[in-house]
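Structural overview
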Amino acid sequence: MDRDLVKIQGFGVDSFSFDEAVDYAYNHHGQIVTVNPEMFSTASKMPDFAKVLSSAELVVPDGVGVEIGLKILGHRVKRIPGVELGKALIVKFSKENKSIAMIGAKPEVIENAVKNLKLEIPNLNIVYSHDGYFSNDEAIFNDVVSAKPDLVLVALGSPKQEFFINSLKSRLPEATMIGLGGSFDVWAGAVNRAPKIWQNLGLEWLYRTIKEPQRFKRIFPTLPLFVLNVCKERLFAGK
C-alpha cells in the first residue's frame, strides 16, 4: 500500500481510512504524526518543527479542524483520532506478539494506563515505560533502544513529543512511533472522552473545552485562523 497524500497549508496529509492507517502503520516503520490545527500553526512559526512534519512517515488528521480544512480544499478525508489510532495499534501489535514502549504523562497516569491496558489487551508486552518528567533525553533514548520495542507511544505534548520521536527514530529504525498527547490520561481513566454523539458530530474539542476551560486560549484564535487560512489557500489555488 502506497501513501496517497493531499496537501494543506503546504504539508502532506495521508488520506487513508482508519483501518488503512492501522495497517500501514503496522507494516511500515518510522514516525506517525497525528496533526491538528495547532500543530500547523506551530510549524508556520518554527521551521525545525515544519521539517519534522514534512519528514514523518505517516501524517493523519487528528483534529476536526484539519478534516474541515481538507473538505474546504475538496478532499474527502476522515478524521482519525490519535487516541483511537494509538489503541488500535497497541491491539494490532499485541496480537502479533510485538513489544511496546510507553513514554510520557505524570507518573501515576502512565502507571494506571499500563495497568488498565494490561487488563484489557491480551498478550500486551510492554518492555519499557517512563513518565514524562525527565531532563536527560539521551538517557531515555539509550534505555528505549536497549529495550528494542516494536511500537513506541510518546505522550509529551506537541511539539516536544514530535521532536523526541524524530530524534529517536534513527536509533530504532525498525520501530513504529507515534505521538499521542493526552491519550495516556484517557487510558488511565484520569480524563473521560466526550460522549459518542459529540464525537460523531465532530465536537469533541468543544466538549473538552467546556470541561477544561483552560484549553480555550489554546484553541482560540488558532482554530478559526486555521480555517480562514485554508479558505485563502482554496481561493488562491483557484486563480
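Placed above this text is the structure.
Residues numbered from 1 in each chain as written. Predicted model: local features only at pLDDT ≥ 70, side-chain atom pairs only at ≥ 80, totals over all residues. Heavy atoms only, no water.

**Some points on the environment of Leu-151**
By secondary structure assignment, the location of Leu-151 is in strand β7 (residues 151–155). Residue classification places Leu-151 among the buried residues on the basis of a relative accessible area of 0%. In sequence terms Leu-151 and Ser-135 are 16 residues apart; their C-alpha atoms lie 23 Å from each other. For Leu-151, the contacting residues outside a window of four places in its chain are Leu-89, Ile-90, Phe-93, Ser-99, Ile-100, Ala-101 and Thr-176. (Helix = DSSP H or I, 4+ residues; strand = E, 2+ residues; numbered from the N terminus. Buried < 20%, exposed > 50% of the residue type's maximum accessible area, 1.4 Å probe, protein only. Contact = heavy atoms within 4.5 Å.)

**Structural notes on the pairing of strand β2 (residues 11–14)**
Within a regular strand, the side chains alternate between the two sheet faces. Alternating positions in β2 separate into two faces, Phe-11 and Val-13 on one and Gly-12 and Asp-14 on the other, with burial throughout. Where strand β1 (residues 5–8) and β2 come together, 4 bridges link them in antiparallel fashion. Counterpart to Lys-7 in the pairing with β2 is Gly-12. Adjacent in sequence and paired antiparallel, β1 and β2 are bridged by 2 residues, among which Gln-9 carries a positive phi angle near 55°. (Pairing = 2+ DSSP bridges.)

**As for unusual backbone geometry**
The general pattern is negative phi for most residues beyond glycine and trans for most peptide bonds. Ser-158 connects to Pro-159 through a cis peptide bond whose omega is 10°. Here Pro-159 is to be found in the loop between β7 and α8 (160–168). Even without being glycine, Gln-9 reaches a positive phi, approximately 55°. Structurally, Gln-9 can be placed in the loop between β1 and β2. For Lys-148, which is not glycine, the phi torsion reads 55° and is therefore positive. Since its relative accessible area comes to 61%, Lys-148 is described here as exposed.

**Points about the nonpolar core**
Where a protein is soluble and globular, its nonpolar side chains tend to be buried together. Counting residues in hydrophobic clusters, the biggest one holds 35 residues, and the most contacted among them are Leu-85, Leu-89, Ile-90, Met-102, Leu-153, Phe-184 and Trp-187. Elements with a contribution of two residues or more to this core: α1 (18–27), β4 (58–61), α5 (82–95), β5 (100–104), α6 (107–120), β7 and α9 (183–188). The element contributing the most residues to this core is α5, with 6 residues. Met-102 has contacts with Ile-110, Ala-113, Val-114, Leu-117, Ile-126, Tyr-128, Ser-129, His-130, Leu-153, Phe-184 and Trp-187, leaving out every residue within four places of it along the chain. Within the second largest apolar cluster, 20 residues are counted, among which are Ile-8, Phe-11, Leu-70 and Leu-73. (Core = buried A, V, L, I, M, F, W, Y, C linked by side-chain atoms within 4.5 Å.)

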